Amino acid sequence: MLIKTKKSWQLSEAQVTDETVFRQRRTLLRQMGFLGMGGLLASHAQAGVLDWFGNDKNSGSGAKLQRELEFAKATSTQQTLTSEAKVTSYNNFYEFGLGKNDPRENAAGFRVDPWQLQLDGLVDQPQTLGYEDLFGFDLEERIYRLRCVEAWSMVIPWVGFPLADILKRAGVNSSAKYIAFETLFDPKQMPGQRSRLGGGIRYPYVEGLRMDEAMHPLTFIAVGVYGKTLAPQNGAPVRLVVPWKYGFKSIKSITRIQAVDKQPPTTWNLAAANEYGFYANVNPEVDHPRWSQATERRITRGGLGSDERIATLPFNGYGEQVAGLYQGMDLQRFY
Ligand SMILES: Nc1nc2c(c(=O)[nH]1)N[C@H]1C(S)=C(S)[C@@H](COP(=O)(O)O)O[C@H]1N2
Ligand SMILES: [Mo]
(Lines give C-alpha, C1' and ligand atoms only; values in the text may rest on other atoms or scores of the structure.)
(Ligands and ions follow the chains in the order given, each with its own letter.)
Protein backbone atom coordinates (compact mmCIF):
# COMPACT_ATOMS: atom_id res chain seq x y z
CA MET A 1 0.00 0.00 0.00
CA LEU A 2 1.27 3.41 -0.86
CA ILE A 3 1.48 5.43 2.32
CA LYS A 4 0.01 8.78 1.52
CA THR A 5 0.90 11.88 3.51
CA LYS A 6 -1.00 11.90 6.79
CA LYS A 7 -3.76 14.45 6.92
CA SER A 8 -4.78 16.07 10.19
CA TRP A 9 -8.02 14.07 10.30
CA GLN A 10 -6.43 10.70 9.99
CA LEU A 11 -6.61 8.56 13.07
CA SER A 12 -3.15 7.27 12.49
CA GLU A 13 -2.18 3.70 13.01
CA ALA A 14 0.71 4.89 15.15
CA GLN A 15 -1.95 6.19 17.54
CA VAL A 16 -3.81 2.95 17.77
CA THR A 17 -1.07 0.36 17.54
CA ASP A 18 2.13 -0.47 19.25
CA GLU A 19 4.99 0.99 17.26
CA THR A 20 6.76 -2.30 16.56
CA VAL A 21 3.58 -3.84 15.23
CA PHE A 22 2.98 -0.72 13.21
CA ARG A 23 6.42 -0.92 11.58
CA GLN A 24 6.21 -4.65 10.90
CA ARG A 25 2.88 -4.14 9.27
CA ARG A 26 4.15 -1.36 7.05
CA THR A 27 6.99 -3.58 5.89
CA LEU A 28 4.48 -6.27 5.05
CA LEU A 29 2.38 -3.88 3.08
CA ARG A 30 5.39 -2.79 1.09
CA GLN A 31 6.46 -6.39 0.49
CA MET A 32 3.04 -7.21 -0.82
CA GLY A 33 3.10 -4.21 -3.16
CA PHE A 34 -0.30 -3.03 -2.18
CA LEU A 35 -0.67 -0.82 -5.20
CA GLY A 36 -1.06 -2.40 -8.59
CA MET A 37 -1.95 -5.81 -7.28
CA GLY A 38 -4.77 -6.03 -9.76
CA GLY A 39 -3.38 -9.25 -11.15
CA LEU A 40 -3.36 -10.88 -7.77
CA LEU A 41 -6.94 -9.94 -7.27
CA ALA A 42 -8.25 -11.65 -10.35
CA SER A 43 -11.41 -13.74 -10.39
CA HIS A 44 -10.32 -16.10 -7.64
CA ALA A 45 -9.99 -13.25 -5.15
CA GLN A 46 -11.05 -14.50 -1.76
CA ALA A 47 -11.43 -13.11 1.70
CA GLY A 48 -7.75 -13.66 2.41
CA VAL A 49 -6.22 -11.93 -0.55
CA LEU A 50 -6.12 -8.51 1.04
CA ASP A 51 -5.05 -10.07 4.30
CA TRP A 52 -1.62 -8.92 5.33
CA PHE A 53 -2.03 -10.09 8.90
CA GLY A 54 -3.49 -13.54 8.47
CA ASN A 55 -0.65 -14.88 6.38
CA ASP A 56 1.63 -16.75 8.75
CA LYS A 57 4.47 -16.76 6.28
CA ASN A 58 4.54 -12.99 6.37
CA SER A 59 3.55 -12.23 9.90
CA GLY A 60 5.68 -14.67 11.84
CA SER A 61 4.08 -15.30 15.20
CA GLY A 62 0.72 -14.70 13.62
CA ALA A 63 -2.10 -12.33 13.22
CA LYS A 64 -3.91 -12.97 16.44
CA LEU A 65 -1.01 -12.22 18.68
CA GLN A 66 -0.34 -8.95 16.89
CA ARG A 67 -3.91 -7.79 17.31
CA GLU A 68 -3.78 -8.81 20.96
CA LEU A 69 -0.75 -6.58 21.33
CA GLU A 70 -2.56 -3.69 19.78
CA PHE A 71 -5.44 -3.91 22.18
CA ALA A 72 -3.17 -4.32 25.17
CA LYS A 73 -0.97 -1.37 24.29
CA ALA A 74 -3.44 1.12 22.94
CA THR A 75 -3.28 4.10 25.22
CA SER A 76 -7.00 4.66 25.68
CA THR A 77 -10.37 3.27 24.78
CA GLN A 78 -10.95 6.22 22.46
CA GLN A 79 -8.03 5.09 20.34
CA THR A 80 -8.63 1.37 20.52
CA LEU A 81 -9.59 -0.39 17.33
CA THR A 82 -12.81 -2.33 17.64
CA SER A 83 -11.92 -6.01 17.43
CA GLU A 84 -12.35 -7.71 14.07
CA ALA A 85 -14.66 -10.21 15.78
CA LYS A 86 -17.01 -7.38 16.80
CA VAL A 87 -16.80 -5.55 13.47
CA THR A 88 -17.89 -8.72 11.67
CA SER A 89 -20.52 -9.97 14.11
CA TYR A 90 -22.36 -6.90 15.45
CA ASN A 91 -23.98 -5.47 12.34
CA ASN A 92 -26.90 -3.54 10.95
CA PHE A 93 -27.88 -4.93 7.54
CA TYR A 94 -31.66 -5.29 7.51
CA GLU A 95 -31.64 -7.17 4.22
CA PHE A 96 -30.18 -10.05 6.23
CA GLY A 97 -32.26 -9.69 9.39
CA LEU A 98 -32.92 -7.23 12.18
CA GLY A 99 -30.86 -8.75 15.00
CA LYS A 100 -27.25 -7.61 15.36
CA ASN A 101 -25.96 -11.15 14.83
CA ASP A 102 -28.36 -12.01 11.99
CA PRO A 103 -26.35 -10.55 9.09
CA ARG A 104 -23.30 -12.68 9.75
CA GLU A 105 -25.41 -15.80 9.82
CA ASN A 106 -27.83 -15.02 6.99
CA ALA A 107 -25.28 -13.47 4.63
CA ALA A 108 -22.79 -16.31 4.89
CA GLY A 109 -23.49 -17.61 1.38
CA PHE A 110 -23.98 -14.20 -0.23
CA ARG A 111 -22.56 -14.16 -3.78
CA VAL A 112 -20.43 -11.10 -4.50
CA ASP A 113 -18.57 -12.27 -7.62
CA PRO A 114 -19.74 -11.64 -10.30
CA TRP A 115 -20.91 -8.15 -9.27
CA GLN A 116 -22.12 -5.21 -11.28
CA LEU A 117 -21.81 -1.63 -10.08
CA GLN A 118 -23.57 0.72 -12.46
CA LEU A 119 -22.30 4.31 -12.69
CA ASP A 120 -24.76 6.49 -14.53
CA GLY A 121 -27.09 9.45 -14.47
CA LEU A 122 -25.61 12.87 -15.24
CA VAL A 123 -22.14 11.62 -16.15
CA ASP A 124 -20.03 11.78 -19.32
CA GLN A 125 -19.03 8.14 -19.25
CA PRO A 126 -21.77 5.88 -17.94
CA GLN A 127 -20.20 2.54 -17.17
CA THR A 128 -20.53 -0.70 -15.26
CA LEU A 129 -17.75 -1.91 -12.98
CA GLY A 130 -17.31 -5.63 -12.46
CA TYR A 131 -16.04 -7.34 -9.32
CA GLU A 132 -12.38 -7.10 -10.26
CA ASP A 133 -12.68 -3.45 -11.29
CA LEU A 134 -13.53 -2.62 -7.67
CA PHE A 135 -9.97 -3.50 -6.69
CA GLY A 136 -8.37 -1.58 -9.55
CA PHE A 137 -8.33 1.74 -7.69
CA ASP A 138 -5.42 2.91 -5.51
CA LEU A 139 -6.31 1.16 -2.28
CA GLU A 140 -5.47 2.67 1.08
CA GLU A 141 -6.35 1.97 4.69
CA ARG A 142 -8.56 4.42 6.59
CA ILE A 143 -9.14 4.06 10.30
CA TYR A 144 -12.47 5.76 10.95
CA ARG A 145 -14.89 6.06 13.83
CA LEU A 146 -18.37 4.75 12.90
CA ARG A 147 -21.22 6.23 14.94
CA CYS A 148 -24.58 4.49 14.59
CA VAL A 149 -27.72 6.57 15.16
CA GLU A 150 -28.59 3.95 17.82
CA ALA A 151 -25.81 5.48 19.99
CA TRP A 152 -23.09 2.87 19.73
CA SER A 153 -19.81 3.29 17.89
CA MET A 154 -16.73 1.48 16.67
CA VAL A 155 -13.23 2.28 15.35
CA ILE A 156 -12.76 0.41 12.08
CA PRO A 157 -9.79 -0.02 9.71
CA TRP A 158 -11.34 0.07 6.23
CA VAL A 159 -9.53 -0.57 2.95
CA GLY A 160 -10.69 1.27 -0.14
CA PHE A 161 -10.51 4.57 -2.01
CA PRO A 162 -12.18 8.00 -2.01
CA LEU A 163 -15.63 8.09 -3.61
CA ALA A 164 -14.29 11.04 -5.65
CA ASP A 165 -12.01 8.59 -7.51
CA ILE A 166 -14.96 6.65 -8.88
CA LEU A 167 -16.91 9.85 -9.67
CA LYS A 168 -13.96 11.29 -11.57
CA ARG A 169 -13.76 8.13 -13.62
CA ALA A 170 -17.39 8.56 -14.68
CA GLY A 171 -17.03 12.31 -15.27
CA VAL A 172 -19.82 13.98 -13.32
CA ASN A 173 -21.61 16.79 -15.22
CA SER A 174 -21.91 20.26 -13.70
CA SER A 175 -25.70 19.87 -13.78
CA ALA A 176 -25.46 17.07 -11.19
CA LYS A 177 -26.09 18.28 -7.63
CA TYR A 178 -26.39 15.03 -5.69
CA ILE A 179 -25.17 11.43 -5.80
CA ALA A 180 -27.71 8.65 -5.28
CA PHE A 181 -26.78 5.12 -4.16
CA GLU A 182 -28.68 1.86 -4.31
CA THR A 183 -28.13 -1.53 -2.62
CA LEU A 184 -28.64 -4.82 -4.44
CA PHE A 185 -32.25 -5.96 -4.65
CA ASP A 186 -32.27 -9.76 -4.58
CA PRO A 187 -34.96 -11.27 -2.32
CA LYS A 188 -33.66 -14.76 -3.14
CA GLN A 189 -30.43 -13.96 -1.36
CA MET A 190 -31.68 -11.30 1.02
CA PRO A 191 -34.41 -12.69 3.26
CA GLY A 192 -35.25 -9.26 4.67
CA GLN A 193 -36.45 -8.16 1.22
CA ARG A 194 -39.06 -10.91 0.93
CA SER A 195 -41.70 -8.99 2.79
CA ARG A 196 -42.28 -5.58 1.26
CA LEU A 197 -41.53 -3.82 4.51
CA GLY A 198 -38.93 -6.00 6.22
CA GLY A 199 -37.88 -4.13 9.32
CA GLY A 200 -40.03 -1.12 8.53
CA ILE A 201 -38.00 0.01 5.52
CA ARG A 202 -38.51 -0.26 1.77
CA TYR A 203 -36.13 -2.03 -0.58
CA PRO A 204 -33.85 -1.56 -2.36
CA TYR A 205 -32.09 0.45 0.36
CA VAL A 206 -31.21 3.86 -1.08
CA GLU A 207 -28.98 6.68 0.12
CA GLY A 208 -27.71 10.01 -1.11
CA LEU A 209 -25.15 12.76 -0.62
CA ARG A 210 -24.94 16.35 -1.73
CA MET A 211 -22.24 16.74 -4.42
CA ASP A 212 -19.77 18.57 -2.16
CA GLU A 213 -20.20 15.83 0.47
CA ALA A 214 -19.70 13.15 -2.15
CA MET A 215 -16.51 14.79 -3.44
CA HIS A 216 -15.07 15.40 0.04
CA PRO A 217 -11.78 13.53 0.57
CA LEU A 218 -13.10 11.83 3.74
CA THR A 219 -15.97 10.19 1.84
CA PHE A 220 -14.80 6.69 1.22
CA ILE A 221 -15.68 3.59 -0.75
CA ALA A 222 -14.64 0.46 1.16
CA VAL A 223 -13.87 -2.87 -0.47
CA GLY A 224 -12.09 -4.28 2.56
CA VAL A 225 -11.87 -4.21 6.31
CA TYR A 226 -9.13 -5.41 8.63
CA GLY A 227 -6.93 -6.06 5.62
CA LYS A 228 -9.34 -8.49 3.98
CA THR A 229 -12.03 -8.14 1.37
CA LEU A 230 -15.28 -7.14 3.07
CA ALA A 231 -17.27 -9.83 4.80
CA PRO A 232 -20.82 -10.05 3.39
CA GLN A 233 -22.28 -8.70 6.64
CA ASN A 234 -20.15 -5.55 6.28
CA GLY A 235 -21.53 -4.79 2.82
CA ALA A 236 -19.44 -6.86 0.41
CA PRO A 237 -18.19 -6.33 -2.15
CA VAL A 238 -18.45 -2.53 -2.08
CA ARG A 239 -19.96 -0.06 0.40
CA LEU A 240 -19.91 3.60 1.27
CA VAL A 241 -18.30 4.99 4.46
CA VAL A 242 -19.10 8.58 5.49
CA PRO A 243 -17.44 8.94 8.90
CA TRP A 244 -19.05 12.22 10.04
CA LYS A 245 -22.61 10.99 9.46
CA TYR A 246 -24.74 8.44 11.27
CA GLY A 247 -24.01 4.90 10.14
CA PHE A 248 -27.19 4.47 8.11
CA LYS A 249 -25.75 6.81 5.44
CA SER A 250 -22.96 4.27 4.84
CA ILE A 251 -24.93 2.11 2.43
CA LYS A 252 -23.81 -1.48 1.84
CA SER A 253 -23.49 -3.81 -1.16
CA ILE A 254 -23.94 -1.04 -3.73
CA THR A 255 -25.10 -1.84 -7.27
CA ARG A 256 -25.75 1.66 -8.55
CA ILE A 257 -24.20 5.11 -8.14
CA GLN A 258 -26.08 7.80 -9.99
CA ALA A 259 -25.42 11.51 -10.47
CA VAL A 260 -28.72 13.41 -10.19
CA ASP A 261 -29.92 17.02 -10.08
CA LYS A 262 -32.40 16.73 -7.18
CA GLN A 263 -32.03 15.54 -3.60
CA PRO A 264 -32.64 11.78 -3.85
CA PRO A 265 -34.91 9.83 -1.49
CA THR A 266 -33.11 8.02 1.33
CA THR A 267 -34.33 4.87 3.05
CA TRP A 268 -34.52 5.91 6.71
CA ASN A 269 -35.87 9.34 5.86
CA LEU A 270 -38.68 7.66 3.90
CA ALA A 271 -39.37 5.39 6.87
CA ALA A 272 -39.52 8.14 9.53
CA ALA A 273 -38.73 11.67 8.35
CA ASN A 274 -39.10 13.15 11.83
CA GLU A 275 -36.42 10.80 13.19
CA TYR A 276 -33.93 10.53 10.32
CA GLY A 277 -32.96 13.46 8.13
CA PHE A 278 -31.26 13.52 4.76
CA TYR A 279 -28.09 15.02 6.24
CA ALA A 280 -27.78 12.81 9.33
CA ASN A 281 -24.62 14.54 10.51
CA VAL A 282 -23.54 13.24 13.91
CA ASN A 283 -24.67 15.93 16.35
CA PRO A 284 -24.72 15.56 20.16
CA GLU A 285 -26.99 18.60 20.38
CA VAL A 286 -29.81 17.22 18.26
CA ASP A 287 -31.40 14.28 20.03
CA HIS A 288 -33.28 11.51 18.32
CA PRO A 289 -36.96 11.98 19.29
CA ARG A 290 -36.74 8.77 21.32
CA TRP A 291 -33.24 8.97 22.83
CA SER A 292 -30.29 11.25 23.53
CA GLN A 293 -27.41 11.59 21.08
CA ALA A 294 -25.10 13.24 23.63
CA THR A 295 -23.15 10.06 24.37
CA GLU A 296 -22.37 6.74 22.73
CA ARG A 297 -21.33 3.24 23.73
CA ARG A 298 -17.88 2.63 22.27
CA ILE A 299 -17.57 -1.03 21.34
CA THR A 300 -14.01 -2.30 21.64
CA ARG A 301 -13.69 -6.04 22.00
CA GLY A 302 -17.01 -6.98 23.48
CA GLY A 303 -17.53 -8.88 26.70
CA LEU A 304 -18.63 -7.68 30.08
CA GLY A 305 -17.32 -4.28 31.06
CA SER A 306 -15.26 -3.73 27.93
CA ASP A 307 -17.48 -1.07 26.40
CA GLU A 308 -17.27 2.49 27.62
CA ARG A 309 -19.78 5.33 27.41
CA ILE A 310 -18.11 8.36 25.88
CA ALA A 311 -19.18 11.82 24.75
CA THR A 312 -20.38 12.11 21.16
CA LEU A 313 -18.53 14.77 19.19
CA PRO A 314 -20.03 17.12 16.60
CA PHE A 315 -19.56 15.60 13.14
CA ASN A 316 -18.24 12.52 14.96
CA GLY A 317 -14.97 14.35 15.61
CA TYR A 318 -14.37 15.33 11.98
CA GLY A 319 -15.70 18.89 12.37
CA GLU A 320 -12.41 20.54 11.51
CA GLN A 321 -12.59 18.91 8.09
CA VAL A 322 -16.30 19.03 7.27
CA ALA A 323 -18.07 21.72 9.32
CA GLY A 324 -17.40 24.19 6.48
CA LEU A 325 -19.73 22.21 4.23
CA TYR A 326 -22.64 23.29 6.42
CA GLN A 327 -21.77 26.90 7.15
CA GLY A 328 -24.87 29.00 7.62
CA MET A 329 -27.16 25.97 7.73
CA ASP A 330 -29.51 25.47 10.66
CA LEU A 331 -28.38 22.05 11.88
CA GLN A 332 -31.43 21.71 14.14
CA ARG A 333 -33.62 21.94 11.08
CA PHE A 334 -31.43 20.07 8.63
CA TYR A 335 -30.70 17.12 10.92
N1 LIG B 1 -28.09 -1.73 2.52
C2 LIG B 1 -27.93 -1.42 3.82
N3 LIG B 1 -26.91 -0.64 4.19
C4 LIG B 1 -26.73 -0.32 5.51
C5 LIG B 1 -27.63 -0.79 6.49
C6 LIG B 1 -28.72 -1.63 6.06
O7 LIG B 1 -29.54 -2.10 6.86
N8 LIG B 1 -28.81 -1.94 4.73
N9 LIG B 1 -27.47 -0.41 7.81
C10 LIG B 1 -26.73 0.85 8.06
C11 LIG B 1 -26.46 1.10 9.46
S12 LIG B 1 -27.78 1.57 10.42
C13 LIG B 1 -25.19 1.05 9.97
S14 LIG B 1 -24.87 1.53 11.58
C15 LIG B 1 -24.05 0.56 9.16
C16 LIG B 1 -23.37 -0.60 9.89
O17 LIG B 1 -22.24 -1.02 9.21
P18 LIG B 1 -21.41 -2.28 9.77
O19 LIG B 1 -22.39 -3.37 10.07
O20 LIG B 1 -20.44 -2.65 8.70
O21 LIG B 1 -20.73 -1.79 11.03
O22 LIG B 1 -24.46 0.10 7.87
C23 LIG B 1 -25.44 0.91 7.24
N24 LIG B 1 -25.67 0.46 5.87
MO1 LIG C 1 -26.86 2.54 12.26
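Per chain, residue numbering runs from 1 following the sequence as it is written. Naming scheme: in the order in which they are written, chains are lettered from A and ligands are numbered from 1. The predicted origin of the model limits local features to residues at a pLDDT of at least 70 and limits the giving and counting of side-chain atom pairs to 80 or more, whereas totals for whole chains, interfaces and linings rest on all residues. Excluded from the side-chain calculation are hydrogens and water; included are all heavy atoms of the structure.

Quick word on the sheet that holds strand β10 (residues 254–260)
Part 1: At least two bridges found by DSSP between two strands is the condition for calling them paired. Numbering of helices and strands runs from the N terminus, with a helix taken as a DSSP run of H or I at least four residues long and a strand as a DSSP run of E at least two residues long. Pairing is mixed in the open sheet, where 5 strands are placed in the order β2-β1-β10-β5-β6. Edge positions in the sheet fall to β2 (127–130) and β6 (206–210), since each has one partner strand and no second. Strand-to-strand twist across the sheet, computed as the mean angle between neighbouring axes with direction ignored, equals 15°.
Part 2: As judged from the 4 bridges shared by strand β1 (residues 116–121) and β2, these two strands associate in the antiparallel manner. In the sheet register, Gln116 faces β2, and the bridge partner there is Gly130. Under this scheme, a helix contributes an axis fitted over its contacting stretch, all axes are lines through C-alpha atoms, and angles between N-to-C directions fall in the 0 to 180 degree range.

With respect to the UniProt feature "binding site: Mo-molybdopterin" (unreviewed entry) in the chain
Part 1: Residues given the UniProt feature "binding site: Mo-molybdopterin" (unreviewed entry) here are Asn91, Tyr94, Glu95, Cys148, Thr183, Asn234, Arg239, Ser250, Ile251 and Lys252. Restricting the annotated residues to those that line the largest pocket leaves Asn91, Tyr94, Glu95, Cys148, Thr183, Asn234, Arg239, Ser250, Ile251 and Lys252.
Part 2: Among the secondary structure elements, Glu95 is positioned in the loop between α5 (84–87) and α6 (102–106).
Part 3: Only protein chains enter the accessibility calculation, which uses a 1.4 Å probe; a residue is then buried when its area is under 20% of its type maximum, exposed when over 50%, and partly exposed in between. Judged by its relative accessible area of 1%, Glu95 is buried.
Part 4: Among all residues touching Glu95, those that are not within four sequence positions of it are Thr183, Met190, Pro191, Gly192, Gln193, Tyr203 and Tyr205.
Part 5: With respect to the helices, strands and loops of the structure, Asn234 is situated in the loop between β8 (228–229) and β9 (239–241).
Part 6: Here, residues are in contact when the closest pair of their heavy atoms is within 4.5 Å. Those residues in contact with Asn234, other than ones at most four positions away along the chain, are Val87, Thr88, Asn91, Val225, Arg239 and Lys252.
Part 7: Among the polar contacts made by the side chain of Asn234, one reaches the main-chain carbonyl oxygen of Val87 at a distance of 3.0 Å. UniProt positions are given in the numbering used here, feature names are shortened, and annotations may be inferred rather than shown by experiment. With a 1 Å grid laid over protein atoms only, a set of points is called a cavity when a 1.4 Å probe fits there but cannot get out and a pocket when it is open yet has protein on both sides within 12 Å along at least five of seven lines; lining residues have an atom within 4 Å of a point. We define a polar contact as two N or O atoms separated by no more than 3.5 Å, with the added condition that, inside protein, one atom must be a possible hydrogen donor and the other a possible acceptor, whereas residues neighbouring each other in sequence contribute only through side-chain atom pairs.

Focus: the site of ligand 1
Part 1: Lining the immediate environment of ligand 1, one finds 16 residues, of which Asn91, Tyr94, Glu95, Ser250 and Lys252 sit closest.
Part 2: Between an oxygen atom of ligand 1 and a side-chain N or O atom of Asn234, the distance comes to 3.0 Å.
Part 3: The side chain of Arg239 places a nitrogen or oxygen atom 3.0 Å from an oxygen atom of ligand 1.
Part 4: Here ligand 1, which alone exposes 540 Å², has 97% of that area covered by the protein.
Part 5: To qualify as sitting in a cavity or pocket, a molecule needs more than half of its atoms within 2 Å of the grid points. More than half of the atoms belonging to ligand 1 lie within 2 Å of the grid points that define the largest pocket. Proximity is defined per residue: any heavy atom of the residue falling within 4 Å of a molecule or strand makes that residue near it. Methods summary: accessible areas were calculated by the Shrake-Rupley approach with a probe of 1.4 Å, and residue burial reflects only the protein chains presented.

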